[in-house]
Structure formats: structure tokens, C-alpha cells
Amino acid sequence: MVPRSWRKIRYRYDVRGSYCENCGNYHYPPRNFCPTCRRKGKLVETLFPEEGRVVSYTVVREKEPYIIALIELDNGARVLSQLSCEPGEVKIGMRVKKAFRRYGEDGEDGIIHYGTKFVPVD
Amino acid sequence: MIGIVSYGSYIPKFRIKVEEIARVWGEDAKKIKGGLGVHEKSVPDVDEDTATIGVEAAREAVKRAGIDPEEIGAVFVGSESHPYAVKPTATIVGEALGVGNDYYAADLEFACKAGTAGMQICFSMVKAGMIKYGLAIGADTSQARPGDALEYAAAAGGAAFIIGKDPIAEIEATYSFTSDTPDFWRRDLQPYPSHGGRFTGQPAYFRHVISAARGLMERYSYKTEDFDYAVFHMPNAKFPVRAARMLGFSDEHIGQGLVVRAIGNAYSGSSLLGLAATLDVAEPDERVLLVSFGSGAGSDAFALRVTDKIKEFEREPKVWDKIERKVYVDYAIYLKHRRKIKA
Ligand SMILES: [Zn+2]
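All of these numbers come straight from a predicted model, not from anything done at the bench.

Once that is clear, we can look at the overall build of chain A. The secondary structure content of chain A amounts to 1 helix and 8 strands. The order of helices and strands in chain A, counted from the N terminus, is α-β-β-β-β-β-β-β-β. Taken over the C-alpha atoms alone, chain A extends approximately 45 × 35 × 20 Å along its principal axes. In chain A, 41% of the contacts between residues at least 6 apart in sequence involve partners at least 24 apart. Total accessible area computed for chain A in this model is approximately 7,300 Å², and 48% of it derives from carbon and sulfur atoms. Taken together, the 22 basic and 16 acidic charged side chains of chain A have centroids lying 9 Å from each other.

Quick look at the structure:
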């Protein structure tokens, strides 16, 4: 478990995606092959904008309910992320910003996972 | 000229009122508020801890500095609530900021003064030419045994300072006063700290804070009148007010930094949030006295002189704006947030 999560840290800890200099498309998670340009694609890693808006969401009703939202960032890129707020607070179109939060832990003696979530802009 | 190049702060948005904690324990809220001078305290969200608070405060500092994170050559995180017993918080912060791999790092622990210890180390490293910028963070999600007197004030929050050349506030001088004093401690594997009760005041807090402040003034020839603001560690609102009076400061000198009334004691974040709130309004050439305190025990004193650079520096949102953005929780939600009960 540890090595797999460790390799993803860079893209989880911040919203780093890829940008294709040939067609201008953004991808998150980052790709090393542009799905539009195929072999002509020129991909670079880039830090995405901090804010965006909720395009759609779903409340996952587990032991503790949590929200998964599709967020359109201000560069037009869409990311799927956990939204850290009360289920009653969420609305389509609401402005959100990235936040560094705990994702969970592998039990009391395991690794603590951190990463990017989104929270309402106050 | 070396000093604070940038700063950022983070205060979780949840608050619990002293009345609500007193209600659960059947105590007199008025008496407690009168005794501590604290009305409410900050409570972290279920997915927040010292690492997340440190990252948020540091991101604000990096953004305001307008520097490339890779120019940061050292990361020190001071806390008494590091998420891991063994595994540094500083590396989590460094990775989240995108500092790269080319940096000095360590977690520091000295009760509530570990953040200012980090500032001293960064200051020395910049002065020695080892690094261009150093990042010092003081952050905590402090724990108190439910029902303990500490529970009314033990809060969460943090502040981050980037130390380097061409600062917004020059570190003119720093001095520390340290002794082996067992006023407050937590043994390994114990979830909550223990303390010496009334013993914590005179031989611990006041002796170290006053000695550090006077030591700094004597060694570097300052008088009380040389300072426009004073910020002290704030375990409650009474101690810093009394320390200020003992040194000849008025309430106007310390009011701006007295964040404890509204958010409680954020331990390693306490005096640093007070400093951030003070830098939010300070004008060029004004001088700030900062004195932290860490149980065990020691105090770090700093003489900071605000420079012209502060005029172009982004200071919004201010610490007091963040204090005002709040959502109240009741004791049951508070317990869940503090993970004192298992889900
Ligand atoms: Zn392309």
C-alpha cells in the first residue's frame, strides 16, 4: 500500500496536472500522452488554479457521509475531488477553493494520507 | 538586513464557546471566562491536523512573498501535536509546497515555543549564507483531557514565517532564556498533557517571559518606549496582560495581538498568530517585541522593526478577519472533531 500512495503524492498534495502546448487542453490527473493530439502532443506539468466551481456532486452515505464533486477550475480543467463541508451546504455552481486536508489513515498504526480537497470560498 | 520576508496564518473555522464546555461539566462559565479572559476557542475540522494547518499557513506566506517555493532552503515545523510520533511534519509541508528536495528540514518540539525556535534557526542560516529563504512554522491542534481546566483554552491554529533578506520586518535582535522547569509535560504514548497547576504561573511563564524580554532589552540596549507593539505567548488572556504591565507596556501595546480572547491558545501557533495580527496593521519603522514561551521551560524574545517593504506587501485577509469567519459547534460535534471518541 505505501509505495503506491507514495508515487501519487505529488499530484495529490497539490492540483498538478498536464497541459498540452499543441492543443491547449488540460488534464488531471496528469497524462504523458495527449488524447487529442496523440503523437503530436507536447505535454508539460503545470500547477492548476486554486479556485473553481461545482459542476455536479454526489453525497456518499457511508458511516460518515462525504461529498464527491466534479469541479471546474478557472482554467477550464475538471477535477473530481472530495468537498469538505456539510452535505446541506453544497450547491451546483458554488465557488470552491483547494485545501490541504487529511484523506484518512491505514489504521491507528499506519500511514496518514494527505491530499487536496475543496472547501467553499467564504 | 535579515528578517521576516512574508507570513501567513491559518485558523480553523469552527469555534466552541466557553459556556458550552462549562455546561457539559456543570461549571460556572462566567467565572471561567473571568479567570481566563477567553470567550471561545477554535476547533479543527475532522480532516485537519498540524500538518494541514502548517501547509495552509505556509501556502499563504509563499503566495504573499511571490517567490518560487524552490528558493526555500529550510523548513522547520514547531508543534507539540505533530501527526506522527516518528516521521516529520516538515517533509509533508515541503512536498505540499513544492520546495523540491534541496532543503534542510526538521520538526521542532519545545511546547509552545517551537515555532519561534524555528525562526531563530532560519535567521541564523540566512545570516550564515547557507540558505536564501527559510520557512518557520508554529502550528498545533492542542489536546486537553476532557474536563481538565486546559480544555477551555486548548485550541488549533498556526502561522508561517519566511525568513530572508530584504524583509518587511527586520529581526534586529533575538535572545532566549531557558531553564529546566517541569511546569507542563506529556510522556510518550500519553494522549493528554499533565501540568503543575498553579506552579505554571510564576516560576514558569512569568519568570521566562520577563527574563527573556529584559535580557533582550539589556543586551541590545532597548527600552520599553522603543516598542510600539508587544506580543507574548497567550496561554490565556490574563498572563500576557500581566506580563505586559510588569514590563511597563499598556493595553494599547498588546491589544492587536491578543487573539487568545477569541480563539484560545493555539500553543506553538499562539504568539505567532499574535505577531501576524500585529504585522497586519504595523507601519514602517514601528517596532514589535515578540516573546514566546514554551513549558519545560524557555522564552524566545525578538526585536522586530517594520520596514518600508510592508507598504507593498499583501496583508489581506487579516488574522482578525479570519477570526471573525466562524461556525459554532456544540460539545458533541467538538468531541467528534477532536477524535476523542471513535466513529
Ligand atoms: Zn494536445
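Of regular secondary structure, chain B possesses 12 helices and 14 strands. Relative to its length of 343 residues, chain B is compact, with a C-alpha radius of gyration of 18 Å against a globular reference of 20 Å. For chain B, the spread of C-alpha atoms along the principal axes amounts to about 55 × 45 × 35 Å. Residues classed as buried in chain B amount to 63% of the 343 residues present. Considering only residue pairs separated by 6 or more positions, chain B has 79% of its internal contacts joining residues 24 or more positions apart. With an accessible surface of roughly 13,200 Å², chain B has 50% of that area assigned to carbon and sulfur atoms. Between the averaged position of the 42 positive side-chain charges in chain B and that of its 46 negative side-chain charges there is a distance of 5 Å.

Attention now moves to the coordination of the zinc ion. Residue and element names in this part refer to chain A. Protein coordination at the zinc ion: the donors are Cys20 (SG), Cys23 (SG), Cys34 (SG) and Cys37 (SG), at 2.3 Å from the metal. Taken together, the 4 donor atoms surrounding the zinc ion define angles of 100 to 115° at the centre, an arrangement classified as tetrahedral. Mapped onto the polypeptide sequence, the residues donating to the zinc ion form the spacing pattern C-x2-C-x10-C-x2-C. Here Cys34 lies in the loop between β2 (26-27) and β3 (43-47) and Cys20 lies in strand β1 (residues 16-20), a separation of 14 residues in the sequence. Taken individually, Cys20 and Cys34 each receive the classification buried, so the pair is uniform in this respect.

Here we take up the interface of chain A and chain B. The interface of chain A with chain B comprises 22 residues on the first partner and 23 residues on the second. Of the roughly 1,900 Å² buried between chain A and chain B, counting both surfaces, carbon and sulfur atoms make up 47%. In this assembly, chain A and chain B are joined by 8 salt bridges. Across the pair A:Glu64 and B:Lys336 runs a salt bridge, and its minimum N-O distance is 3.3 Å. Counting the contacts that link chain A with chain B gives 15 residue pairs in polar contact (both at pLDDT 80 or more). Secondary structure elements with two or more residues in the side of chain A that touches chain B: α1 (2-13), β7 (95-105) and β8 (112-120) of chain A. For the side of chain A that touches chain B, the element with the highest residue contribution is β7(A), accounting for 5 residues. The residue inventory of the side of chain A that touches chain B, partitioned by class, reads 7 nonpolar, 2 polar and 13 charged.

Conventions and cut-offs
- Residues numbered from 1 in each chain as written.
- Chains lettered and ligands numbered in written order.
- Predicted model: local features only at pLDDT ≥ 70, side-chain atom pairs only at ≥ 80, totals over all residues.
- Heavy atoms only, no water.
- Helix = DSSP H or I, 4+ residues; strand = E, 2+ residues; numbered from the N terminus.
- Contact = heavy atoms within 4.5 Å.
- Areas by Shrake-Rupley, 256 points an atom, 1.4 Å probe, with all protein chains shown as cover.
- Lys, Arg positive; Asp, Glu negative; His and termini not counted.
- Charge placed at Lys NZ, Arg CZ, Asp CG, Glu CD.
- Rg over C-alpha atoms; globule rule 2.2 N^0.38 Å.
- Buried < 20%, exposed > 50% of the residue type's maximum accessible area, 1.4 Å probe, protein only.
- Donors = N, O, S within 2.8 Å, 3.2 Å for Na, K, Ca; no water.
- Tetrahedral: all angles 85-135°; square planar, octahedral: opposite > 155°, others 65-115°.
- Buried area = accessible area lost by both parts, 1.4 Å probe.
- Salt bridge = Lys/Arg side-chain N within 4 Å of Asp/Glu carboxyl O.
- Polar contact = N/O pair within 3.5 Å; in protein donor to acceptor, adjacent residues only side chain to side chain.
- Nonpolar A, V, L, I, M, F, W, Y, C, P; charged D, E, K, R; others polar.

Function cannot be inferred from these measures alone, as they are strictly geometric.
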